[in-house]
Amino acid sequence: MDNEILNRTIRIDVLKEFENRYFRELSKSNVQSATVFNYASCLVQSSYAADIHKGISLFMQLIESSQSRDFSIMDCAYFIALGKARIKDYTSALHYTGVILKIEPNNLLVSNLQDNIKKNKKKDELKKVAVSGGLAVTIGGIFGLGLTLARML
């Protein structure tokens with residue numbers, strides 16, 4: 001199950017179904033908090049960063065609104081953490097998982113998400129180091145070649 005949680009995406013038809021329901025209720029100025037929650041959870045699991053950002057924003061609004069008593073704030077925080085991790089904002093994602101685990105230390109779903117976030121963060125940091133090292137070697141090689149050519153002239 002390694003990284004499955006971060007790589008799993010929602011099917012487009014499922015996203016569209018919840019999107020249609022959300023906008024139908026929005027057009028009637030009667031959006032139910034459950035509709036917002038379901039739509040936001042689909043957005044966070046989308047393949048597109050813009051959708052993920054929108055989903056995170058909807059969860060933040062749910063937490064701040066008076067409708068938050070209709071569902072678990074911990075569930076919203078979980079999906080915010082998931083979304084933040086999927087857009088590679090690992091620091092924020094780890095903040096949210098940390099807050100949840102302080103309140104619910106035995107939450108295995110959040111603990112698994114946190115472990116996956118840490119693994120991805122480390123992997124991305126190693127990639128950055130490798131790219132930086134490769135870039136430094138390339139620049140050094142070009143500089144050395146330039147010096148050699150300059151001496152030949």
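Residues numbered from 1 in each chain as written. Predicted model: local features only at pLDDT ≥ 70, side-chain atom pairs only at ≥ 80, totals over all residues. Heavy atoms only, no water.

Caption draft 1: The arrangement of the overall build of the protein chain in detail. The number of helices and strands found in the protein chain is seven helices and zero strands. Counted over contacts in the protein chain with a minimum sequence separation of 6, partners at least 24 positions apart contribute 57%. Accessible area for the protein chain stands at about 9,500 Å²; split by element, carbon and sulfur atoms hold 58% of it. (Helix = DSSP H or I, 4+ residues; strand = E, 2+ residues; numbered from the N terminus. Contact = heavy atoms within 4.5 Å. Areas by Shrake-Rupley, 256 points an atom, 1.4 Å probe, with all protein chains shown as cover.)

Caption draft 2: Geometry of the packing of helix α3 (residues 33-44) against helix α4 (residues 49-64). Contact geometry for α3 and α4: axes closest at 7 Å, N-to-C directions at 150°. Regarding the angle of α3 to α4, the classification is roughly antiparallel. As for how α3 packs across α4, the hand of that crossing is left-handed. Residue-level inspection shows Ser33, Val36, Phe37, Tyr39, Ala40, Ser41, Leu43 and Val44 of α3 in contact with α4, the latter providing Asp51, Ile52, Lys54, Gly55, Ile56, Leu58, Phe59 and Leu62. (Axes fitted to C-alpha atoms, helices over the stretch in contact; angles between N-to-C directions. Parallel < 35°, antiparallel > 145°, perpendicular 65-115°, else oblique. Left-handed = near helix turned anticlockwise from the far one by under 90°.)

Caption draft 3: Layout of the environment of Asn20. Looking at the element boundaries, Asn20 is found in helix α2 (residues 12-27). The exposure class of Asn20 is partly exposed, given its relative accessible area of 44%. The spatial distance from the C-alpha of Asn20 to the C-alpha of Tyr39 is 9.2 Å, given a sequence separation of 19 residues. (Buried < 20%, exposed > 50% of the residue type's maximum accessible area, 1.4 Å probe, protein only.)

Caption draft 4: Here's a closer look at the nonpolar core. Counting 39 residues, the largest nonpolar core has Phe59 and Leu113 as the members making the most contacts within it. Elements that contribute at least two residues to this core include exactly α1 (4-7), α2, α3, α4, α5 (73-86), α6 (90-103) and α7 (108-152). The element that contributes the greatest number of residues to this core is α5, accounting for nine residues. In this structure Phe59 touches Phe37, Ala40, Ser41, Val44, Cys76, Phe79 and Ile80, once residues within four positions along its chain are discounted. (Core = buried A, V, L, I, M, F, W, Y, C linked by side-chain atoms within 4.5 Å.)

Caption draft 5: Region of the structure containing the pattern of salt bridges. Applying the stated criterion across every chain yields a total of six salt bridges. Note that Asp89 and Lys84 form a salt bridge whose closest N and O atoms lie 3.7 Å from each other. The exposure class of Asp89 is partly exposed, given its relative accessible area of 26%. Among the residues examined, Lys84 registers a relative accessible area of 18% and is labelled buried. (Salt bridge = Lys/Arg side-chain N within 4 Å of Asp/Glu carboxyl O.)

Caption draft 6: Region of the structure containing the environment of His95. Relative to the helices and strands, His95 resides in helix α6. His95 gets classed as partly exposed once you look at its relative accessible area, which sits at 49%. The spatial distance from the C-alpha of His95 to the C-alpha of Ala81 is 7.9 Å, given a sequence separation of 14 residues.

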